[in-house]
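For reference, the chains in residue letters:
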Amino acid sequence: MLRPIADFSTVRGVCGHRGRNVGRCFGNAVHAVCYGPTSRWFILLKLVLFIATMATRVVAQDVTPEAVREAIDKGVALIKKQQDLRNGTWTETSNSFGGVTALCTLALLNAGVPADDPAVARALDRMESDPNPKRTYVTSLQTMAFCQADPRKYHLKIRERALWLEHAQIKGGKTNGAWTYSDEGGGGDNSNSQFALLALHEAARVRIPVSEQVWRRALNYWIEQQKDDGGWGYNSSNPATGSMTCAGLSSMIIISQNLSKGDARAVGGQVICCGAQQPNLPVDRGLAWLARHFSVTRNPSPSMGSETWYHYYMYGLERVGRMSGQRFVGEHDWYREGAAALVAEQDPLTGRWYSNSSLSSEVVETALATLFLSKGRRPVLISKLKRPPVDDWNHHREDLANLTRYVEARWKFDMTWQVIDVDAASTQDLMQTPVLWISGRDGLMLNGEQKQRLAEYINQGGFVFAEACCDGKAFDARFRALMEELFPDNPLHLLPPDHPVWYAEQRINPDYVVPLWGIDSCCRTSVVYCPQDLGCLWDLAGGSYETYPDVLKERIKAALGIGANVMAYATNRQLRDKLDVPIVLQSEGNARPLNRGALHVAKLQHGGGSDEAPKALLNLLRVAGKQLDLDVSDQRRLLSLTDPALADFPLAFIHGRRKFEWTAAERQGLAEFIKNGGVVFGDAICASAEFAESFRQQVSLAVPGSVWQRVPPGHPMFSRRFGGYDLTTVTIRDPQLRAADDDPLKARLEKTTPVLEGIEIDGHYVALFSPWDISCSLESAAPVMCKGYIREDAAKIGINVLLYAMQD
């Protein structure tokens, strides 16, 4: 029996991490036996199941979004189970003074548990009713939990705790700018200090003022604490460790974000872009240390040889990767490898992660691991392309961070941004970002291989958003030349006033509209280019931009609005899971010989956009194979009608969006294909009337005397007769009709009967054509500007046509 059409846009990938610590896994299993239930058989079963699961995961070396979600859910269940229902707290460790309760609450909130969930609500009520504990760890964690839960509701509590943290900062002496456990004196240390800065940073993000002197004292402290090798230790006397190096890095990034005036400046209402940049050498040195000693199975401690505080280190690693925008630490995909390690280490029966320190507990370790998995998996909104010239790609270092925060607030879910290095990125690496930001002033130098990967990224569904910053005439000329080279048939054109980039998320004040150019590819505009500054204005959109003159504020708001509109248009507000590995189509040059046991469909060449939705046919075949239990070919075969190989295919697929004409030889090839029993199936991309007219005409010329007629709605092709779907009614979207909720990204959906046209010979259709779009629906989840079938029905129509074409 056929199943409902499921998601078919991605496949799951393999983790790059190698060398799991099997001893640690086995040790955890023994720990479970020693302290678990007393039934001998249950203990034995538990041990066998645990070791078997660990062995499977160690060998597989892969991690999927589903596995991570399951691990988070198990961690959440364990944390909730251990809460004291009487007072909303968790059992504290020695000298934690409420810190475990605050940490568990923070972990639950970041795992997606809502603030009104009974377990979270109990904990928040308890923290709200208790006075400020005046302990750095506890006060910091409570502040972060309040900020995450509801910054408006807990505004006074956040402000009270932020003021205490400012007061508790050490002022004077060798540890000037640090924090210790309380405000009662002490030398200060890097662990307390990082938590204080984390809390103050979250408070600042929700508009709680923090004194500039707090950040400046902290800056001097962390610079002085850095070791000669680039790492940080617990204090100046201790050697560098992974956990403390992560503390130093995240603290330096936080301080930089809160102290920096940005690379753009506002002077008297005028904007000065591309300011002189001071390199952040401590961060560069710290990242280099972390890359040299990188691990996701232990807390790197090269001078100590200790593996304590492992989950504490992982929580720090997540912060560094996310805050720095780095997908890779050195050559390591930190989240993919870390998620694989933590999923493998989790007890599959209880959902807990075990502690290897007498100062911690299982619920603390579980909360820390859950924080890594949940915060680190925030989906990527946009990535910045790092490219030659070496100093030209990042003139405004806070541009994407500020834009991402703006979009986060509007879409009401957490997301992140990243940097992608063009020298190291494969096409698949590029495909993992929905939008690629390319900015420059002085030029754009890509070699042939890099250009090819960029073209593959765009042609397979990627989206490029680019700007020439700071009156960058050299970049403007190079970018336009690059687009002309990559897309000679699709030149850059000014985007019209009715394009969604002007209204998809918010209407843009017409007084502040800037020119936007675009290239149409893959069923939509796939390149948007602004020859004027946008990133410079995003860079100015930090916490203080509301104090700027009104005209400048409106310019910044318009720039942010344009950015948000492009993000909404490019993504349809649907971001890929961070662990998804997108399909990268196999090039024809690498195609294997045809497997005679598989279903193959040819794709026909022509001059009207024969491959503008390159994934449409592949996605259809993948769904057909899954639904019909067929072996289908994933090879990309774009054939001319004169190619003798066409005779090997029972079905030929065609789509396009522009006018075209076949040669007499090509029309003769089509006639021979049909005469030998082949069937042609096509659709007009985005319901292109121009392509539809050309296709009907060319097929009629190839089959003299043929007549195009609508396939009757009651034809067996639209029924289950051949093993397909009942298509009595289908759903189309019409972008000319606005959805009921007035969302500009949603066309109105209407029920109707399927519309296919056909040419019939001897009672059998030899050519079938949809004047409404099918390909763009198969290519992407919800094409904004195309009249056609919704994705599920597009796949069902395609499957029914496949089944019809295979009939004798």
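Structure report, in brief. Remember, predicted model here, so these are calculated numbers, not experimental data. Chains are numbered independently. Their residues run from 1 in the order of the written sequence. Under the rules for a predicted model, residues below a pLDDT of 70 receive no local features and side-chain atom pairs below 80 are neither given nor counted, while totals for whole chains, interfaces and linings still include all residues. Hydrogen atoms and water are omitted, and side-chain values are computed over all heavy atoms in the structure.

**Let's talk about the overall build of the protein**
In this description a helix means any DSSP run of H or I spanning at least four residues, a strand means any run of E spanning at least two, and both kinds are numbered starting from the N terminus. Within the protein, the regular secondary structure consists of 25 helices and 23 strands. Expressed as a percentage of the 808 residues in the protein, the buried residues total 58%. Contacts in the protein between residues at least 24 apart in sequence constitute 75% of all its contacts with a sequence separation of at least 6. Surface accessibility in these figures is a Shrake-Rupley result with a 1.4 Å probe; residues are shielded only by whichever protein chains are displayed. If you sum the accessible surface of the protein, you get close to 33100 Å²; carbon and sulfur atoms cover 51% of it. Each residue gets one of three labels from its accessible area relative to the maximum for its type: buried under 20%, exposed over 50%, partly exposed in between, using a 1.4 Å probe on protein chains only. Note on contacts: a residue pair qualifies if any of its non-hydrogen atoms lie within 4.5 Å across the two residues.

**Observations concerning helix 17 (residues 448-459)**
A helix is expected to span 1.5 Å multiplied by its residue count minus one. For helix 17, spanning 12 residues, the distance from its first C-alpha to its last is 16 Å, which sits close to the expected 16 Å at 1.5 Å a residue. For helix 17, the set of buried residues is Gln450, Arg453, Leu454, Ala455, Tyr457 and Ile458. In this structure, the buried residues of helix 17 make contact with helix 16 (427-431), strand 8 (436-440), strand 9 (464-468), helix 18 (473-486), strand 11 (517-521) and strand 12 (524-530). Two N or O atoms count as a polar contact when they lie within 3.5 Å, although within protein this holds only if one can serve as hydrogen donor and the other as acceptor, and sequence-adjacent residues are included solely when both atoms are side-chain atoms. Put simply, Asn447 is the residue that caps the front of helix 17, since its side-chain oxygen is 3.2 Å from the backbone nitrogen of Glu449.

**Quick word on the packing of helix 5 (residues 118-129) against helix 6 (residues 136-149)**
To obtain each axis, a line is fitted to C-alpha atoms, and for helices this fit is confined to the stretch in contact; angles are then taken between N-to-C directions over 0 to 180 degrees. Between helix 5 and helix 6, the shortest axis-to-axis distance is 11 Å and the interhelical angle comes to 125°. Considered as vectors, helix 5 and helix 6 are oriented oblique to each other. Both helix 5 and helix 6 take part in a crossing whose hand is left-handed. Here helix 5 contributes Leu124, Met127 and Glu128 to the contact with helix 6, which in turn contributes Gln142, Ala145, Phe146 and Ala149. Lys, Arg, Asp and Glu make up the charged group, whereas Ala, Val, Leu, Ile, Met, Phe, Trp, Tyr, Cys and Pro make up the nonpolar group; the residues left over, Gly among them, are polar. Split into classes, the residues belonging to the contact of helix 5 with helix 6 amount to 5 nonpolar, 1 polar and 1 charged. An angle below 35 degrees is treated as roughly parallel, one above 145 as roughly antiparallel, one from 65 to 115 as roughly perpendicular, and anything else as oblique. Helix crossings get a hand from a simple test, with the near helix turned counterclockwise from the far one by less than a right angle marking a left-handed crossing and a clockwise turn marking a right-handed one.

**Some details on the sheet that holds strand 22 (residues 764-770)**
Hydrogen bonds between backbone atoms are what pair the strands of a sheet, whose relative direction is either parallel or antiparallel. Note on pairing: two strands pair once DSSP finds at least 2 bridges between them. Across the sheet, which stays open at both edges, the 7 strands sit in the order 15-14-16-17-22-21-18 with mixed pairing between neighbours. If you trace the sheet from one side to the other, it starts and ends with strand 15 (638-639) and strand 18 (709-710), each paired once. Two strands pair when backbone bridges link them, and strand 17 (residues 679-684) and strand 22 are joined in this way by 4 bridges, in the parallel orientation. Bridge pairing links Val680 to Ala767 in strand 22. Most of the contacts of helix 22 (residues 664-675) go to strand 17, to which it runs at about 125°, and overall it touches strand 16 (651-656), strand 17, strand 21 (757-761) and strand 22. Each of strand 16, strand 17, strand 21 and strand 22 is contacted by helix 23 (residues 689-702), which is oriented at about 160° to strand 22, the strand it contacts most.

**As for the packing of aromatic side chains**
By convention, a stacked pair of Phe, Tyr or Trp rings (six-membered ring in the case of Trp) has centres within 6.5 Å and planes under 30 degrees apart, an edge-to-face pair has planes over 60 apart, and any other such pair is tilted. Inspection of every chain in the model, using the stated rule, returns 28 aromatic pairs. Taking 6.0 Å as the distance between ring centres and 85° as the angle between the ring planes, the aromatic pair formed by Trp334 and Phe372 counts as edge-to-face. Here the residue Trp334 occupies a position in helix 13 (residues 334-345), and Phe372 occupies one in helix 14 (residues 362-376), the gap between them amounting to 38 residues. With a relative accessible area of 1%, Trp334 lands in the buried category. In this structure Phe372 comes out as buried when scored by relative accessible area, which is 0%. Taking the centre distance of 5.9 Å and the plane angle of 55° together, the rings of Trp772 and Tyr789 count as tilted. With a gap of 17 residues between them, Trp772 in the loop between strand 22 and helix 24 (775-779) and Tyr789 in strand 23 (residues 788-789) connect regions that are remote in the sequence.

**Some remarks on unusual backbone geometry**
Residue Pro389 is reached from Pro388 by a cis peptide bond, and omega for that bond is -10°. The backbone of Ala687 shows a phi angle near 55°, a positive value even though the residue is not glycine. Mapping Ala687 onto the fold places it in the loop between strand 17 and helix 23.

**Some points on the nonpolar core**
Remark: nonpolar core denotes a set of buried residues (Ala, Val, Leu, Ile, Met, Phe, Trp, Tyr, Cys) joined through side-chain atoms within 4.5 Å. Val68, Trp222, Leu290, Leu317 and Leu373 are the most contacted members of the largest nonpolar core, which has 92 residues in total. Counting residues per element, this core draws most heavily on helix 10 (residues 242-259), at 9 residues. Counting 51 residues, the second-largest nonpolar core is a separate cluster that includes Trp393, Cys469, Leu540 and Leu575.

**Concerning the sheet that holds strand 12**
The sheet built from 7 strands is open, its strands ordered 7-6-8-9-12-11-10 with mixed pairing. Across the chains shown, the open sheet's two edge strands, defined by having one partner strand only, are strand 7 (416-421) and strand 10 (493-494). Two elements, strand 6 (residues 380-386) and strand 8, share 2 bridges in a ladder whose sense is parallel. Each residue of the ladder has a partner; that of Ser383, found in strand 8, is Leu436. Contacting strand 6, strand 9 and strand 12, helix 20 (residues 550-571) crosses the sheet at an angle of about 160° to strand 12.

**Some thoughts on the pattern of salt bridges**
Salt bridges, as used here, are contacts in which a Lys or Arg side-chain nitrogen is within 4 Å of a carboxyl oxygen on Asp or Glu. Applying the stated criterion across every chain yields a total of 32 salt bridges. Of the charged contacts in the structure, one is a salt bridge between Arg657 and Glu612, with a shortest N-O distance of 2.6 Å. You can see Arg657 sitting in the loop between strand 16 and helix 22 and its partner Glu612 sitting in the loop between strand 14 (601-604) and helix 21 (616-628), a full 45 residues away along the chain. Arg696 serves as the salt-bridge partner of Glu757, at 2.7 Å between the closest nitrogen and oxygen. Taken together, the positions of Glu757 in strand 21 and Arg696 in helix 23 put the pair 61 residues apart, joining distant regions of the chain. Residue Glu757 is classed as buried on the basis of its relative accessible area of 14%. Here the salt bridges share partners, and the residues they tie into one network are Arg327, Asp333, Arg336 and Asp429.

**Some details on the pairing of strand 21**
Relative to strand 21, strand 18 is paired through 2 bridges, and the arrangement is antiparallel. Within strand 21, the position partnered with Gln709 by the bridge is Gly758. The loop that links strand 21 with its antiparallel partner strand 22 comprises 2 residues; one of these, Asp762, has a positive phi angle of about 55°.

What is shown is where atoms sit, not what they do.
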